[in-house]
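Take a look at the letters that make up each chain.
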Amino acid sequence: MMGTLSFQDQLSRGAAEVEAAIEALLPMPDTPPSPIHQAMRYSALGGGKRLRGILVIETARLVGAQDTWREFDQTPKGVCLSAEWMAQVGAVRATAAAVEMLHAYSLIHDDLPCMDDDDMRRGKPTNHRVYGEGIAVLAGDALLTRAFEVLGRLEWAGLDATASAALVSELAVAAGTGGLIGGQVVDLESEGRLSADAADAGGAGSALERPADLLKYIHTHKTGALFAACLRMGGFLGGVESSTLERLTEYARGFGMAFQIVDDLLDVEGDEATLGKQVGSDERRGKLTFPALYGADRARSMAREHIEAAKESLSEFGERGAFLCNLADFVLHREH
Ligand code: GRG
């Protein structure tokens, strides 16, 4: 059936599937205390490309984990994560939803006045603009917590205990100081260094003193770690061997770097209405970016090289890897 759908249709179907899983696993908006549940749903639902959730689902499918799927009845909604409900959602979709919840948390916190202080995200006002800073901080915290609550119940969705534990630790490592948060810390610390250091891009200096190394560190941690976790979690869902896990991780490395280079380019060249957020913020904040360090043309060709490497790492899958290869191309050419 996949073969009869265009890539765009597959993408839309994947995004809808991820959205439905998130919806199923979040508390209802009127569940007390309702303001926090409304704020969680505001940022976790109704927007975003759903790349991370789609990566989990498609990787799981690629490695043969689709047998955990069941017909998905959207009623009643997931007020609590009961065993019956988790079984109905399934381990693959629950994992995809958990990753997107965690991603939504990182976006809420990234937009806060103490971080990037952004007013718009996904074409609508940022969480703190709508609910206030206190609730926004808590909504982020609650989404992060809910993500692990969902993963903690994967055995109810039919996954064995070893794989469930691997998924929990994989996401925790990616989200922690060795991943997302570590990248964000170095990003915050490097703000304003751009003008002073850009000219020194290829110069001497120890690792993380050279801008090129710093930039790579920030993006492999802040952006790449979560993409890598998506591929690896998809692999764990299918119980793959370590050599296959390594190929999937390689794909994620190339995908993540290219994604971030394009993100940097979009902040310079993109259209605000299409992006759903302000552009030019990297330059205003003196952030180290690929176009600032290498120029737009070189940055774009670097992105292309990363995408080619990502696709190459899936060669063992042959035609079955076509969707993930198309997704890599999509990331290279994306406009939002
Ligand atoms: C503990 C304060 C605190 C934060 C958690 C903020 C943070 C750590 C990490 C930052 C995460 C972040 C914003 C990374 C940048 C990656 C990026 C460009 C995200 C946007 O991803 P898309 O384009 O977004 O996939 P959509 O809206 O499509 O889901």
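Residues numbered from 1 in each chain as written. Predicted model: local features only at pLDDT ≥ 70, side-chain atom pairs only at ≥ 80, totals over all residues. Heavy atoms only, no water.

Attention shifts here to the packing of aromatic side chains. Applying the stated rule across the entire model yields seven aromatic pairs. Here F7 and F323 contribute two aromatic rings whose centre-to-centre distance is 5.3 Å and whose plane-to-plane angle is 40°, an arrangement assigned as tilted. In this pair, F7 sits in helix α1 (residues 7-25) while F323 sits in helix α17 (residues 322-333), placing the two residues 316 residues apart along the sequence. Take F7 and F323: they sit in the same class, and that class is buried. A centroid spacing of 5.0 Å and a plane angle of 65° characterise the contact between F227 and F259, whose relative ring orientation is edge-to-face. Of this pair, F227 sits in helix α11 (residues 211-237) while F259 sits in helix α12 (residues 242-269), placing them 32 residues apart in sequence. Since its relative accessible area comes to 0%, F227 is described here as buried. According to the relative accessible area criterion, F259 is buried, its value standing at 7%. Counting every residue linked through ring pairs, the aromatic cluster contains F227, Y251, F255 and F259. The ring of F259 has R52 lying over it, and the distance from NZ or CZ to the ring centre is 5.5 Å. Above the face of the F259 ring, R334 is positioned so that its terminal group lies 4.0 Å from the ring centre. (Phe/Tyr/Trp six-rings, centres within 6.5 Å; stacked < 30°, edge-to-face > 60°. Helix = DSSP H or I, 4+ residues; strand = E, 2+ residues; numbered from the N terminus. Buried < 20%, exposed > 50% of the residue type's maximum accessible area, 1.4 Å probe, protein only. Lys NZ or Arg CZ within 6 Å of the ring centre and 35° of its normal.)

Considering the arrangement of structural elements, one finds E170 in helix α8 (residues 161-175). Excluding residues that lie within four positions of it along the chain, E170 makes contacts with A229, R232, M233 and F236. (Contact = heavy atoms within 4.5 Å.)

Glancing now at the pattern of salt bridges. Tallied over the entire structure, the rule returns 24 salt bridges. With its nearest N and O atoms 3.2 Å apart, the salt bridge here joins E100 to R50. Placement of E100 in helix α5 (residues 91-111) and of R50 in the loop between α2 (34-44) and α3 (51-62) is noted, with a sequence separation of 50 residues between them. Like E100, the residue R50 is buried in the burial classification. A salt bridge links R253 to E246; its shortest N-O distance comes to 3.5 Å. It is possible to trace a salt-bridge network through shared partners that takes in D110, D111, D116, R121, D187, E191, K222, R285 and K287. (Salt bridge = Lys/Arg side-chain N within 4 Å of Asp/Glu carboxyl O.)

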